[in-house]
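As a plain string of letters, each chain reads:
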Amino acid sequence: MNPCPCGWRGDPSGRCQCTPDQVSRYRGRVSGPLLDRIDLAIDVPPPSATQLVLDGAAVAPESAVVREAVVRARARQQRRQGVTNGRLDAAGTARHCVPTSAAQQLFATASARLGLSARAYHRVARIARTVADLADSDVIEAAHVAEAVGYRRLPAEQPARARA
Ligand SMILES: [Zn+2]
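This is a predicted model, so every value here is computed, not measured.

A. Spotlight on helix α6 (residues 101-114). Look at α6: 20 Å from first C-alpha to last across 14 residues, which is about the 20 Å you get at 1.5 Å a residue. All of the buried residues in α6 are A103, F107, A110, S111 and L114. Taken end-on, α6 shows its buried residues confined to a sector of 95°, consistent with a single buried face. For α6, the exposed residues lying more than 90 degrees away from the buried face are S101, A102, Q105, T109 and A112. If you follow the buried residues of α6, they end up packed against α7 (118-134) and α8 (142-150). A positive phi of about 60° marks G115, the residue just after α6.

B. Spatial organisation of a nonpolar patch on the surface. Judged by side-chain polarity, L40, I42 and V44 come together as a nonpolar surface patch covering roughly 300 Å² of accessible area. Note on V44: relative accessible area 67%, which makes it exposed.

C. Expanded view of the coordination of the zinc ion. Each protein donor to the zinc ion is listed here as C4 (SG), C6 (SG), C16 (SG) and C18 (SG); together their distances run 2.3 Å. Coordination at the zinc ion comes from four donor atoms whose angles at the metal span 104 to 113°, giving a geometry best classed as tetrahedral. Sequence spacing of the donor residues for the zinc ion, all on one chain, is C-x1-C-x9-C-x1-C. Placement of C6 in the segment before α1 (20-28) and of C18 in the segment before α1 is noted, with a sequence separation of twelve residues between them. With a relative accessible area of 35%, C6 lands in the partly exposed category.

D. Quick look at α7. Taking 1.5 Å per residue as the helical rise, α7 with its 17 residues ought to reach 24 Å, and the 24 Å between its terminal C-alpha atoms agrees with that figure. Looking one or two places after α7, you find D136, whose phi comes out positive at around 55°.

E. Just the packing of aromatic side chains, in detail. One pass over the structure, following the stated rule, counts one aromatic pair. Judged by centre distance (4.2 Å) and plane angle (10°), the rings of F107 and Y121 are stacked. With F107 in helix α6 and Y121 in helix α7, this pair connects stretches of sequence that are 14 residues apart. Assessed through its relative accessible area of 1%, F107 is described here as buried. Of note, R15 hangs over the ring of W8, and the distance from its end group to the ring centre comes to 3.7 Å.

F. Structural context of the packing of α7 against α8. It is the contact of α7 with α8, at a shortest axis distance of 8 Å, that shows an interaxial angle of 125°. By the angle between their directions, the pair α7 and α8 is classed as oblique. Both α7 and α8 take part in a crossing whose hand is right-handed. Across the interface between the two elements, V124, I127, A128, V131 and A132 from α7 touch H144, V145, E147, A148 and V149 from α8. Of the residues contributing to the contact of α7 with α8, the split by class is eight nonpolar, one polar and one charged.

Rules behind the numbers
Note that residues are indexed from 1 along each chain, following the sequence as it is written. Given that this is a predicted model, residues contribute local features only at a pLDDT of at least 70 and side-chain atom pairs are listed and counted only at 80 or more, while totals for whole chains, interfaces and linings are drawn from all residues. Values reported for side chains reflect all heavy atoms of the structure, with hydrogen atoms and water molecules removed beforehand. Counting from the N terminus, the helices are the DSSP runs of H or I reaching at least four residues and the strands are the DSSP runs of E reaching at least two. Take the number of residues in a helix, subtract one, and multiply by 1.5 Å to get its expected span. Relative accessibility decides the category of a residue: with a 1.4 Å probe and only protein chains considered, values under 20% of the type maximum give buried, values over 50% give exposed, and everything between is partly exposed. Arc definition: directions from the helix axis to the C-beta atoms. Contact definition: two residues touch when any of their heavy atoms are within 4.5 Å. Here, patches come from residues exposed beyond 30% relative accessible area and free of salt bridges, joined within 9 Å for like charges and within 5 Å for nonpolar side chains (Val, Leu, Ile, Met, Phe, Trp, Tyr). Areas reported as accessible are Shrake-Rupley estimates using a 1.4 Å probe. Residue values count occlusion only from the protein chains shown. What counts as a salt bridge is simple: a side-chain nitrogen of Lys or Arg found within 4 Å of a carboxyl oxygen of Asp or Glu. Coordinating donors are taken to be N, O and S atoms lying within 2.8 Å of the metal, or within 3.2 Å when the metal is Na, K or Ca; because water is excluded from the atom set, some sites may appear incomplete. Note on geometry labels: four donors, all angles 85 to 135 degrees, give tetrahedral; four donors become square planar and six octahedral when opposite donors are over 155 degrees apart and every other angle is between 65 and 115; remaining cases are irregular. Only centres within 6.5 Å qualify two rings of Phe, Tyr or Trp (six-membered ring in Trp) as a pair; their planes then separate them into stacked at under 30 degrees, edge-to-face at over 60, and tilted for everything else. By the criterion adopted, a ring carries a charge over it if an Arg CZ or a Lys NZ lies within 6 Å of its centre and within 35 degrees of its normal. Where helices are involved, their axes are fitted lines through C-alpha atoms of the stretch in contact, as for all axes, and angles between N-to-C directions lie from 0 to 180°. Orientation categories follow fixed angle ranges, with anything under 35 degrees roughly parallel, anything over 145 roughly antiparallel, 65 to 115 roughly perpendicular, and all other angles oblique. Here a crossing is called left-handed whenever its near helix is offset anticlockwise from the far helix by less than a right angle, and right-handed whenever the offset is clockwise. Throughout, the ten residues Ala, Val, Leu, Ile, Met, Phe, Trp, Tyr, Cys and Pro are labelled nonpolar, Asp, Glu, Lys and Arg are labelled charged, and all others, Gly among them, are labelled polar.

That's the geometry; what it means functionally is another story.
See the structure below:
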């Protein structure tokens, strides 16, 4: 979704004239139960024209490296549990997506702060498992949980409580 009704919020040009009220009404149109079903919410600032030209040349090798990491992570998931993390059911998630005890503490604090539902908690656990898999890690560390939790909300957004 766009960051605001006009789509320019956060752009350095300052083109966005939307009021905070308009922005929160716009974002409020996406219901909590719907957001609950979305795995990743990431703020993606628009690239400048210069960036597009400069980065264009570097896209191919970088994307090949990423692809290789994804293929490796998926193979690791298949070996461990017979399906990819995204297809784990609640029991499979409880079995295969358990963070280290230090990471569990962080996870508990973060989910309380974000007001995560049970469903959202399981989603974040599976994403943390994927982050760990992409890092070739058998265990889910605090850093993996922290990254997964970060994908639950847009940085510019007010506390998630408001849309729970
Ligand atoms: Zn705007």
